[in-house]
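Fold and contact review
Letter by letter, the chains look like this.
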Amino acid sequence: MADEGAVRDIYDVSFTNKTIVKATGLLSEPHILSLSNLDLLSGRFPVTYFYFYRQPLGAKFISIIEALKLSLAKTLNHFYPFAGRIVQNPSTGEPEIICDNTGALFVEAHANIALRELDFYNLNRSLQGKLVSINQGFPLQIQVTCYTCGSISITFTFDHALGDASAFSKFLVTWSEIAMDKTISFMPDHRRYLRPRVPPTYDPWVDQAFVSCTLEDIINIPSTNILLKRLYYIDVSSINQLQRLACVDGSKRTKIEAFSAYVWKVMVHAIDKSHQHCKMGWLIDGRTRMCKDKNSMSNYIGNVLSLAFGEASMVELKQGSLGDVAKIVHEAISKVANEAHFLDLIDWIECHRPGLMLSKIVLGRAGPALVVSSGRTFPVAELDFGFGSPVLGTVCSTIEKIGVGYINQRPSARGDGSWTVSAILWPELAAALESDSDHVFQPMTANHLQL
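The text that follows walks through the structure, step by step, so that each part is easy to find. This structure is a prediction, so every number in the text was calculated from the model and none was measured.

Let's talk about the nonpolar core
- Among the nonpolar cores identified, the biggest contains 86 residues, and Phe259, Trp264, Trp282 and Phe441 are the most heavily contacted of them.
- At nine residues, helix α8 (residues 255-267) tops the list of elements feeding residues into this core.
- Filtering out sequence-adjacent residues up to four positions away, Trp282 remains in contact with Ser260, Trp264, Ser306, Leu307, Ala308, Phe309, Gly310, Val329, Ala332, Ile333 and Val372.
- Core analysis: the second largest hydrophobic core is formed by 45 residues, Ile65, Cys146, Ala161 and Leu172 among them.

Considerations on the sheet that holds strand β7 (residues 140-146)
- Read from one edge to the other, the open sheet built from six strands follows the order β1-β6-β7-β8-β3-β15, with strand pairing classed as mixed. Of all the strands in the sheet, just β1 (13-21) and β15 (392-396) have a single pairing partner and so form its edges. Taking the axes of each pair of neighbouring strands and ignoring which way they run, one obtains an average angle of 15° across the sheet.
- Against the sheet, helix α2 (residues 61-78) makes contact with β1, β6 (104-111), β7 and β8 (152-159), and its axis sits at roughly 160° relative to β6, the strand it touches most.
- Against the sheet, helix α4 (residues 165-179) engages β3 (46-53), β7 and β8, with an angle of about 135° to β8.

Points about the packing of aromatic side chains
- Per the counting criterion, the structure on display carries 27 aromatic pairs.
- Consider the rings of Phe79 and Phe171, whose centres lie 5.3 Å apart with planes at 90°: the pair is edge-to-face. One end of the pair, Phe79, is in the loop between α2 and β4 (85-88); the other, Phe171, is in helix α4, with 92 residues separating them in the sequence. Residue Phe79 shares its accessibility class with Phe171, and that shared class is buried.
- Relative to Tyr300, the ring of Tyr193 lies with its centre 5.1 Å away and its plane at 80°, an arrangement referred to as edge-to-face. With Tyr193 in the loop between α4 and α5 (205-209) and Tyr300 in the loop between β11 (277-285) and β12 (305-313), this residue pair connects regions lying 107 residues apart in the sequence.
- Tyr193 gets classed as partly exposed once you look at its relative accessible area, which sits at 31%.
- Pairwise contacts between aromatic rings join Tyr49, Tyr51, Phe79, Phe82, Phe156, Phe158, Phe168, Phe171, Trp175, Phe186, Phe378 and Phe385 into one cluster.

Re the pairing of strand β5 (residues 95-99)
- Across the five residues that make up β5, a large majority, five, are buried.
- As defined by bridge partners, strand β2 (residues 31-34) adjoins β5 across four bridges and the pair is classed as antiparallel. Considered in β5, the bridge of Leu33 is made with Ile97.

The rules we used
Residues numbered from 1 in each chain as written. Predicted model: local features only at pLDDT ≥ 70, side-chain atom pairs only at ≥ 80, totals over all residues. Heavy atoms only, no water. Core = buried A, V, L, I, M, F, W, Y, C linked by side-chain atoms within 4.5 Å. Buried < 20%, exposed > 50% of the residue type's maximum accessible area, 1.4 Å probe, protein only. Helix = DSSP H or I, 4+ residues; strand = E, 2+ residues; numbered from the N terminus. Contact = heavy atoms within 4.5 Å. Pairing = 2+ DSSP bridges. Axes fitted to C-alpha atoms, helices over the stretch in contact; angles between N-to-C directions. Phe/Tyr/Trp six-rings, centres within 6.5 Å; stacked < 30°, edge-to-face > 60°.

What follows is the structure, given as structure tokens:
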């Protein structure tokens, strides 16, 4: 272990080249793409997906780089807003996308360690400023890093105004298909057609959950101790056991509902005793809820997210069974996972424009809270760019200040039902999760990735 620590202490990344990659096909004239109401709820947070690959057989790093640039340029033909610029409208102050083929930033780098020596658990140490560097002038940025063993990592950083996880997954899958000379499996819809009703109307509950704000409000979220960025492995046996416990009374609960209930019960032990209640939130994708045909919005590129939240007393969470807490989770999610809520939310935003909107929980205005995001359909093992499938694919954010803890679940690249969970936590919660006797949260290591 001492040798590993010494290696990590000297871990460094050198940036060797930066290129702007533009779409190469026949594009429309430069134009402005106005954002939908739900795009204004994104918070403009940077979102980074990172993937790690074993040493490609028979391929040199330079040839991989050139192939990725070529396939990226072709992909941007289909995702032309991703090659644009995001600016503030001078009249409204709201963001809009200038589709002018400014291009995506492509960074090449070399790490001075082998991939298995990387600290996969402590993302504060591994990612920021090394595998992820942010240039505000480019809504899409890619960094390809080569390790001394010949392995490769790719990080993709998106401005949240471009879309949500569903939109970004479509982009990544399309890029992979183009890189592999496959026929692309879908055509993106960039129309951002989610419009309010006339006249707009909404349930008063929305006022309790969301608030209008400015970009400055988001940037200047009060400092908290929610600073630890961590990566965990969750074994499939733990996931199945939690679901069995949540369904012991005959109820049907999803894996993410059971997992959330477990985390919420642990969370009680990581909150100051002066609080009598705490909240948990869940990101909900509205694509399958907005229309009777659940596939009619599958190609929609943009943000179609809302945030469900539940509140419980410390006594309820401590004394209740896993099934009891899972019921609270299920009811909170059900309240938002429907067409009526999304129509109300679109109308509420219309009544509070111009400006950005955000959940009060995310701004840190609702007391102790944790948000859970489920990415069970997000592409991991299938993201092959021509040099094999990844050993790890997950998500994180370079955001430095946030008012709420986050847990993001993704399927493991193993394909065996296990999960990768990235998290932004406060120290007491990280300690509680890692020390719990059930050992559900295992700090990610190279052994978990079979490196």
